[in-house]
Amino acid sequence: MLEQRTFGRISFLIINYAALAIFSLTCVFPIIHMLAMSFSSNSAVTAGWVSMWPVGFTLDSYKYILENPAFGQSFLVAVERVILGVSINMILTILAAYPLSKTNRRFPMRTVYAWFFAFTMIFNGGLIPSFMVVKATGLMDSIWALIIPSAVNVFNIILMLNFFRTLPNELEESAMMDGAGNWRTLWSIYLPISKPSIATILLFCIITHWNSWFDGLIYMNSPSHYPLQTYLRTVIVSKSLTNINSADLALLNNISNRTVIAAQLFVSILPILCIYPFLQKYFVKGLTLGSVKG
């Protein structure tokens, strides 16, 4: 019986690892294929010779996009959006989650505010009212149109307040006995021991702002104000190489729409690939936010 269990366990692990390996390859293959296309020549990509390794290796596609002022401008707009948007997201999330994590005795209006926030997760005005509000407040065609409408994320607030609730009450009581107020308790005690939740929500906010494209399309009147993902969307839909000048004509033999788009897409995901490893150690622990503790 013991041998059968051991054999069954080994069989399960083999099948499980094989299934996870296949699933991982299906996720990684498009990225590798896109990277190979970006380093391949136009003729090789057109002929369909590129799979997971560059054919006719060339850096012309990256040279073209790095010299393209529209791509550089949209990249800077995206970086500005991430810096401002994530900073505001995190500040408002922490300031909202801390009081909502208290009991009704400490914060009598807690239930009212909690239901107010929860209501916004279920019901919203829709696209047209949101557009009218942004236009009426004078935010159109500015970076704040991409930041303020999404400044408060209720889902992140719920994650953070659930994490605050798991912290021992004795920490706050000890701090208040020593004369610390709510602000001092929050910034000196709660936040330093809340790195898993902060890192998780930080990663969520970075990815949300970096990958958003639709709001840039509807709130920006000038293409020069497009964030990176909105610019890439217009490039992919139009499928045309713009801003070609005499200096770029020499590159046209080795690049095409497909190679340039592949290079632009890979450059757009590169910052997230660089940031994630630094937050991953906190992200795994942060995934258990609000879970039942034994």
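Quick notes on the rules
Residues numbered from 1 in each chain as written. Predicted model: local features only at pLDDT ≥ 70, side-chain atom pairs only at ≥ 80, totals over all residues. Heavy atoms only, no water. Helix = DSSP H or I, 4+ residues; strand = E, 2+ residues; numbered from the N terminus. 1 Å grid on protein atoms, 1.4 Å probe; cavity = no way out; pocket = protein on both sides within 12 Å on 5 of 7 lines; lining within 4 Å. Points joined across faces, edges and corners; volume = space filled by probe spheres on them. Nonpolar A, V, L, I, M, F, W, Y, C, P; charged D, E, K, R; others polar. Core = buried A, V, L, I, M, F, W, Y, C linked by side-chain atoms within 4.5 Å. Buried < 20%, exposed > 50% of the residue type's maximum accessible area, 1.4 Å probe, protein only. Contact = heavy atoms within 4.5 Å. Polar contact = N/O pair within 3.5 Å; in protein donor to acceptor, adjacent residues only side chain to side chain. Salt bridge = Lys/Arg side-chain N within 4 Å of Asp/Glu carboxyl O. pLDDT = per-residue confidence, 0-100.

Draft legend 1. Geometry of unusual backbone geometry. Here the phi dihedral of D141 falls at roughly 60°; this positive angle occurs in a residue that is not glycine. Examined against the element boundaries, D141 turns out to sit in the loop between α6 (127-136) and α7 (154-166).

Draft legend 2. Representation of the layout of surface pockets within the structure. Counted as a void, the largest pocket has a volume near 830 Å³. As for the largest pocket, its lining consists of 29 residues, and the residues nearest its centre are N124, S130, P149, S150 and V152. Counting residues per element, the ones that place at least two in the lining of the largest pocket are α4 (69-100), α5 (110-122), α6, α7, α10 (195-211) and α11 (214-219). Here the lining of the largest pocket is composed, by residue class, of 15 nonpolar, twelve polar and two charged.

Draft legend 3. Summary view of the nonpolar core. The biggest cluster of nonpolar side chains holds 59 residues, and the ones touching the most others in it are Y62, I65, F71, I157, F164 and L186. Top contributing element to this core by residue count: α4, with eleven residues. If we ignore the near neighbours within four places in the chain, the residues touching Y62 are L35, S38, F39, A263, F266 and V267.

Draft legend 4. Representation of the environment of L279 in the model. Position of L279 relative to the elements: it lies in helix α13 (residues 257-286). The spacing of L279 and L202 is 77 residues in sequence and 8.7 Å in space, taken between C-alpha atoms. Beyond its immediate stretch of four places on either side in the chain, L279 contacts A199, L202 and L203.

Draft legend 5. Region of interest: the side chain of S40. Here S40 shows up in the loop between α1 (2-38) and α2 (42-47). Here the side chain of S40 touches A36 through a polar contact of 2.6 Å, landing on its backbone oxygen.

Draft legend 6. Representation of the pattern of salt bridges. This structure, assessed with the given rule, holds three salt bridges. Across the pair K102 and E172 runs a salt bridge, and its minimum N-O distance is 2.7 Å. Taken as a pair, K102 in the loop between α4 and α5 and E172 in helix α8 (residues 169-177) lie far apart in primary sequence, 70 residues in all. Here R106 makes a salt bridge to E172, at a shortest N to O gap of 3.2 Å. Of this pair, R106 sits in the loop between α4 and α5 while E172 sits in helix α8, and the two are 66 residues apart along the sequence. Since its relative accessible area comes to 4%, E172 is described here as buried. Where salt bridges share partners, they join K102, R106 and E172 into one cluster.

Draft legend 7. How the structure looks around the confidence of the model for the protein chain. In this model, the protein chain carries a mean pLDDT of 83, and residues with pLDDT of at least 70 account for 87%. Across the protein chain, α4 holds the top mean pLDDT of 93, while α13 sits lowest at 77.

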